[in-house]
Amino acid sequence: MKKAILIVSVIALAIVAGVAIDWALHRQTPSVPQMPSVSEQVSPRAPTTALAQATEPITDIFSQLTKEQIEQLIIAAGQNAVKTAIKKAGPAVVQLEVIKQSSIRSPFEHFLDDPFWRRFFGDPFDPHRGIERSLGSGFIIDYQGQKVIITNNHVVENATSIRVTLPEGRSFEGELIGGDAFLDVAVVRPKGPNVEQLPTVELGDSDKIEIGDWVIAIGNPLGFQHTVTAGIISALHRDFPKPDGSGRFQDMIQTDAAINPGNSGGPLLDALGRVIGINTAIAVNAEGINFAIPINAALRVLPSLIASGKVTRAWLGVVIQELTEEIAPGFGVEPYSGVLIADVRPDGPSYGILQRGDIVLSVDGKPVKRISELQQEIMYRPVGSKVQLEILRNGARQTVEITLGERPSEQALMGAPSVPDQLIPQGQGIEKFGLKVQALTPELARQLNLPSTAEGVVISEVQPGSRAFWAGLQVGDLIIEINRQPIKTLDDWNRFVSELPDDARVVVTIIPRGGGNTRFVPLR
């Protein structure tokens, strides 16, 4: 009986503590920041004085409980926290039904305009012909006094009609304000009576999340409205190709909270019910590998989307790589001490200023050590503005000024013609590191979509399981340097590799098969 009273007392204290924390958070912080800048995101707060004072008696109570009873209390407390988070954010998570005009038309459609064919096959001008219908999710926030819905761009892109449905069942029209294909974020404005009274979510700070944090996903997977799943943050800063081939997702949150088609655009919540991500993608043929856009990244483009319906990004016109532990020694620098320039695009603003092999150390005096840091410093600046880059070139520091251009679309930056898996032998070089190479001829350069001025040796075979294989080198890649020494002919290749032991530390500079941008590849 005494233990039963103790258990009830602990549960009561836990409930009181939860209520006190929730009351304190709501008293000290508005439900949604009016200006959604990263610096204004909600951050965890220390326990109240009353709770701190209650620590000692609670400890005394726990000392009188069995291990099993304590475990039951922990489980109960976790479940209550999840339920509280769902109740807090759930009312502002919406289902989006989207109508799009299909770009696919039947090759027989002109026949259906004939009355004879129309009798059997229906009206070719049926308003439902050529219509695509899809489902997605979104969540409502308060942005400077107006209610807007954040979702994925791929959910609402090219929408001709959007219907928004609340969990309570009420529906209203949605108007697409703008979308950003690069980040895959879009904003929809709800239209209808009393939209100013719609519930909103509270925004968290995705810069403060850690691997292992509990997370909750809410959305409408496969049309099952308002489905809740839970898990943890499995990894941070994930990059991977977009399913449609239009570039890559960057700096994503990975979670094992279940996400399925229809979850796209819904919120990923922390344990306190605050939005820390936008559920976006799942790994193909995998289970429990799902991805969300960090909410701070979305908030950076939100003002531009609402003001102009699009996001214009600045760029340097370069291809960049991390200075990994394998690559850095070849440049005489410490790993991750800057960002490596792998190639300079001839159509970009840095052409003639930066060179392949330069290392960017800072932007306007601010150090940049990783790719994401350099990208963040450049892409959100005004197009046409000037930046001062401190670079390291051949061991010497110097400063250059570049006028930023406008970043082209992902479609314009991607794509290369296919290349055959086997090449016609032209002249073989020494086999090394699991590679067979051959001379580059004008005919082969045209076949591989290489410039007529290109020089180097072409990979004709990669031995499975070799160092070259694990580095990702492929048949058709053009090797132009080894350890930054030019390789222009088979003689250059034969002379250079014959002096290297099989286990030598090697960084190969290549132009990938099919053309594309130069990059450095370490052979591990």
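Before reading on, note that the structure itself is shown above.
What counts as what
Residues numbered from 1 in each chain as written. Predicted model: local features only at pLDDT ≥ 70, side-chain atom pairs only at ≥ 80, totals over all residues. Heavy atoms only, no water. Helix = DSSP H or I, 4+ residues; strand = E, 2+ residues; numbered from the N terminus. Buried < 20%, exposed > 50% of the residue type's maximum accessible area, 1.4 Å probe, protein only. Contact = heavy atoms within 4.5 Å. Areas by Shrake-Rupley, 256 points an atom, 1.4 Å probe, with all protein chains shown as cover. Pairing = 2+ DSSP bridges. Axes fitted to C-alpha atoms, helices over the stretch in contact; angles between N-to-C directions. Salt bridge = Lys/Arg side-chain N within 4 Å of Asp/Glu carboxyl O.

1. Focus: the overall build of the protein chain
So, step 1. Each helix and strand counted, the protein chain has 12 helices and 27 strands in total.
So, step 2. When burial is assessed residue by residue, the protein chain has 46% of its 524 residues classed as buried.
So, step 3. Contacts in the protein chain between residues far apart in sequence, at least 24 positions, make up 63% of those at least 6 positions apart.
So, step 4. Entry remark: accessible area of the protein chain is about 26,800 Å², with carbon and sulfur atoms responsible for 54%.

2. Focus on the sheet that holds strand E1 (residues 93-101)
So, step 1. The antiparallel closed barrel is built from six strands, whose spatial order is E1-E2-E3-E6-E5-E4. Each neighbouring strand pair of the sheet contributes to a mean axis angle of 40°, computed without reference to strand direction.
So, step 2. One ladder, built from six bridges, connects E1 with strand E4 (residues 159-165); its direction is antiparallel. The residue of E4 that forms the bridge with Gln 95 is Thr 165.
So, step 3. Of the strands in this sheet, strand E2 (131-143), strand E3 (146-151), strand E5 (171-180) and strand E6 (185-191) are in contact with helix H7 (residues 295-308), which crosses E5 at around 95°.

3. Notes on unusual backbone geometry
So, step 1. Positioned with a positive phi, Leu 222 is a non-glycine residue whose angle comes to about 55°.
So, step 2. Along the chain, the position of Leu 222 falls in the loop between strand E8 (214-219) and strand E9 (227-241).
So, step 3. The backbone phi angle of Phe 433 is positive, close to 60°, even though this residue is not glycine.
So, step 4. With respect to the helices and strands, the residue Phe 433 is situated in the loop between helix H9 (410-413) and strand E22 (435-439).
So, step 5. For Phe 433, a relative accessible area of 9% corresponds to the buried category.

4. Brief notes about the pairing of strand E15 (residues 318-322)
So, step 1. Of all five residues in E15, five are buried; the element is thus mostly enclosed.
So, step 2. Of the two faces of E15, the one lined by Val 318, Ile 320 and Glu 322 and the one lined by Val 319 and Gln 321 are each fully buried.
So, step 3. Both E15 and strand E16 (residues 339-344) contribute to a ladder of five bridges, which runs antiparallel. Bridged to Glu 322 within E16 is Val 339.

5. Side note on the pattern of salt bridges
So, step 1. Within this structure, the stated rule accounts for 19 salt bridges.
So, step 2. A salt bridge links Glu 461 to Lys 436; the nearest nitrogen and oxygen atoms lie 3.6 Å apart. Remark: Lys 436 occurs in strand E22 and Glu 461 occurs in strand E23 (residues 457-462); sequence separation between them is 25 residues.
So, step 3. On the basis of relative accessible area, Glu 461 is assigned to the partly exposed category, the value being 35%.
So, step 4. Residue classification places Lys 436 among the partly exposed residues on the basis of a relative accessible area of 29%.

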